[in-house]
Amino acid sequence: MVYQDTLQLAEKGRGAYEITELVADFIKESNIRTGTCQLFIHSSSASLLIGDIADESTKNETAAFMAQLAPSSDNVDNKIDKGMDAIPEEMRHVLAQTSLSIPVSNAKPGIGVWQGIFLWERSSHAVERKLTITVIGD
Amino acid sequence: MVHQQQLRFSTSGRGTFNIGPQVDEVISQSGIQQGMCQVFIHHTSASLILCENADPDVRTDLETFMKRLVPDGDSMFIHQDEGPDDMPAHVRTVLTQNALSFPINNGRDTLGVWQGIYLWEHRTNPHKRKITVTVMGE
């Protein structure tokens, strides 16, 4: 069985936002008990990551590390139409994930107790994000 | 058809561990001839990689590269509750993979001859790690 939908996520500004509950609700709605769930973000300046939910600071520090790898002070003249942060954000995107894949066990996300699913929004502009979730299984 | 099973591993601390034989065992038990296999790790300080399996120096070099990229005890990090390897372990996990997905054909994995499946422990102390293997197909 396959259950798929594309969700519109309201723009919230730069940062990492936990979407674990949204994914759990979607899996429940699918009526699939065992299988896999794929999340795909239709964007190159927002990505998906599984992060630690035990300590709030881990999210911010992952962002700080990525910022250090691709600093926003880099030259961005050929992307000026998207704003000064466009290129470094896309660099960070390559280092992060466009899609995540998790198991579905007992009709729930089969992830660890300390794992949370995050949308990592890196654009400073107001953009709505499209997220497609596909649940496959029995 | 869906076949799902959990595997548990005890790591001896930071390093890579070949989990290919255990994953292959699950594929074989599933009886699925054609389809896909998803391997998912339930942690935020250990991850999965598909890596060259002929020369162990490759994995030693990957470890050296990661140590340089994300140094333990970096003063940039404030999340150090569990020691200098705590936050670097989270960053290393984000930069690698939580889940691997590959095709199954003729009842076997279709990995290249030189591709191996490794659990990468990022903490310096030994840990118990949980992995879910989901095989889907016919």
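**Quick word on the overall build of chain A**
Along the backbone of chain A there are 3 helices and 8 strands. Seen in sequence order, chain A has helices and strands lined up from the N terminus as β-β-α-β-β-α-α-β-β-β-β. Sequence separation of 24 or more characterises 84% of the internal contacts of chain A that already satisfy a separation of 6 or more. Of the roughly 6,600 Å² that chain A leaves accessible, carbon and sulfur atoms contribute 52%.

**Points about the packing of aromatic side chains**
Residues and elements named next belong to chain A. Taken as a whole, this structure holds 1 aromatic pair over all chains when the rule is applied. Ring plane angle 55 degrees and centroid distance 5.0 Å describe the contact between Tyr 3 and Phe 26, whose orientation is recorded as tilted. One end of the pair, Tyr 3, is in strand β1 (residues 2-9); the other, Phe 26, is in helix α1 (residues 20-30), and 23 residues separate them in sequence. On the accessibility criterion, Tyr 3 (27% relative accessible area) is partly exposed. Classification of Phe 26 by relative accessible area gives buried; the value is 3%.

**Describing the interface of chain A and chain B**
Accessible area lost upon the coming together of the parts is a frequently used measure of interface size. Listed by partner, the interface residues are 32 residues for chain A and 29 residues for chain B. Interface area, chain A with chain B, both sides summed: about 2,400 Å², of which 63% is carbon and sulfur. Sorting the residues of chain A by area buried against chain B places A:Glu61, A:Phe65 and A:Gln115 first, and these three jointly supply 24% of that buried surface. In this structure, the connection of chain A to chain B is made through 0 salt bridges. The tally of links between chain A and chain B comes to 13 residue pairs in polar contact (both at pLDDT 80 or more). Residue assignment for the side of chain A that touches chain B shows that the elements contributing at least two residues are β3 (35-41), β4 (46-52), α2 (57-69), β5 (99-105) and β8 (129-137) of chain A.

**With respect to the pattern of salt bridges**
Residues and elements named next belong to chain B. Under the definition given, this model contains 6 salt bridges over all chains. Asp 72 is the partner of Arg 14 in a salt bridge, and the nearest nitrogen-oxygen pair spans 2.8 Å. With Arg 14 in the loop between β1 (2-10) and β2 (15-18) and Asp 72 in the loop between α2 (57-69) and α3 (86-95), the pair connects residues that are 58 residues apart, well separated along the chain. The class for Arg 14 is buried, based on a relative accessible area of 19%. The partly exposed category is assigned to Asp 72, whose relative accessible area is 35%. For Asp 85, the salt bridge is made with Arg 123, and the minimal N-O distance between the two is 3.0 Å. On the criterion of sequence distance, the pair formed by Asp 85 in the loop between α2 and α3 and Arg 123 in the loop between β7 (115-121) and β8 (128-137) is long-range, its members being 38 residues apart. Of the two residues, Asp 85 and Arg 123, both sit in the buried class. One salt-bridge network, in which partners are shared between bridges, spans Glu 82, Asp 85 and Arg 123.

**Considerations on α2(A)**
Because each turn of an α-helix spans 3.6 residues, side chains separated by three or four positions in sequence point in the same direction. Between its first and last C-alpha, α2(A) extends 18 Å over 13 residues, near the 18 Å set by a 1.5 Å rise per residue. All of the buried residues along α2(A) are A:Ser57, A:Thr58, A:Lys59, A:Glu61, A:Thr62, A:Phe65 and A:Met66.

**Re the sheet that holds strand β3 (residues 35-41) of chain B**
Residue and element names in this part refer to chain B. Within the open sheet, the 5 strands sit side by side as β1-β8-β3-β5-β6. Their pairing is antiparallel. Every interior strand has two partners, whereas the edge strands, β1 and β6 (108-109), have only one. Where β1 lies against β8, 9 bridges are found, and the strand directions are antiparallel. Residue pairing across strands places His 3 opposite Val 135, the latter belonging to β8. The sheet contacts of helix α1 (residues 20-30) involve β1, β3, β5 (99-105), β6 and β8, and relative to β1 the element is tilted by about 155 degrees.

**Structural notes on the nonpolar core**
A:Cys37, A:Leu39 and A:Ile102 are the most contacted members of the largest nonpolar core, which has 24 residues in total. Among the secondary structure elements, those contributing two or more residues to this core are β1, α1, β3, β4, β5, β7 (115-121) and β8 of chain A. Every residue in contact with A:Cys37, bar those within four places of it in the chain, is listed here: A:Val23, A:Ile27, A:Leu100, A:Ser101, A:Ile102, A:Val104, A:Ile133, A:Thr134 and A:Val135. The next biggest cluster of nonpolar side chains, apart from the first, holds 21 residues, and it includes B:Phe9, B:Val23, B:Ile104 and B:Ile117.

**Remarks on α2(B)**
Compared with an ideal rise of 1.5 Å per residue, which puts 13 residues at 18 Å, α2(B) spans 18 Å between its outermost C-alpha atoms and is within 8% of the ideal. Next to the buried residues of α2(B) lie β2, β4 (46-52), α3 and β7 of chain B.

**Focus: the state of the cysteines**
Inspection of the entire model under this criterion finds 0 disulfides over all chains. Among the cysteines around A:Cys37, which has no disulfide bond, B:Cys37 carries the closest sulfur, lying 17 Å off. By relative accessible area, A:Cys37 is classed as buried at 0%.

How each quantity is defined
Numbers given to residues run from 1 along each chain, matching the order in which its sequence is written. Lettering for chains starts from A, numbering for ligands starts from 1, and both go in the order in which the items are written. Selection of residues for local features in this predicted model requires a pLDDT of at least 70, selection of side-chain atom pairs for listing and counting requires 80 or more, and totals for whole chains, interfaces and linings are taken over all residues. Derived side-chain values reflect all non-hydrogen atoms in the structure, with water molecules and hydrogen atoms excluded from consideration. Secondary structure elements are taken from DSSP: a helix is a run of H or I of four residues or more, a strand is a run of E of two residues or more, and numbering for both begins at the N terminus. What makes two residues a contact is simply this: any of their non-hydrogen atoms within 4.5 Å. Surface accessibility in these figures is a Shrake-Rupley result with a 1.4 Å probe; residues are shielded only by whichever protein chains are displayed. Geometry of aromatic contacts follows a simple scheme: Phe, Tyr and Trp rings, the Trp one being its six-membered ring, pair when their centres are within 6.5 Å, and the pair is stacked under 30 degrees between planes, edge-to-face over 60, tilted otherwise. Any residue under 20% of the maximum accessible area for its type is buried, any over 50% is exposed, and the rest in between are partly exposed; the area is computed with a 1.4 Å probe on protein chains only. Defined in terms of a 1.4 Å probe, buried area is the accessible area two parts forfeit on being brought together, summed over both. Salt bridge criterion: a side-chain nitrogen from Lys or Arg within 4 Å of a carboxyl oxygen from Asp or Glu. Pairs of N or O atoms within 3.5 Å make up the polar contacts considered here, provided that, within protein, one atom can donate a hydrogen while the other can accept it, and that residues adjacent in sequence are counted only when both atoms are side-chain atoms. A helix is expected to reach a length of 1.5 Å times the quantity of its residues less one. A pair of strands is labelled paired if DSSP reports no fewer than 2 bridges between them. Axis definition: a line fit to C-alpha positions, over the contact stretch in the case of helices; interaxial angles, taken between N-to-C directions, run 0 to 180 degrees. Grouping buried Ala, Val, Leu, Ile, Met, Phe, Trp, Tyr and Cys residues that are joined through side-chain atoms within 4.5 Å yields what is termed a nonpolar core. Cysteine sulfur atoms are paired as a disulfide whenever they come within 2.5 Å of each other.

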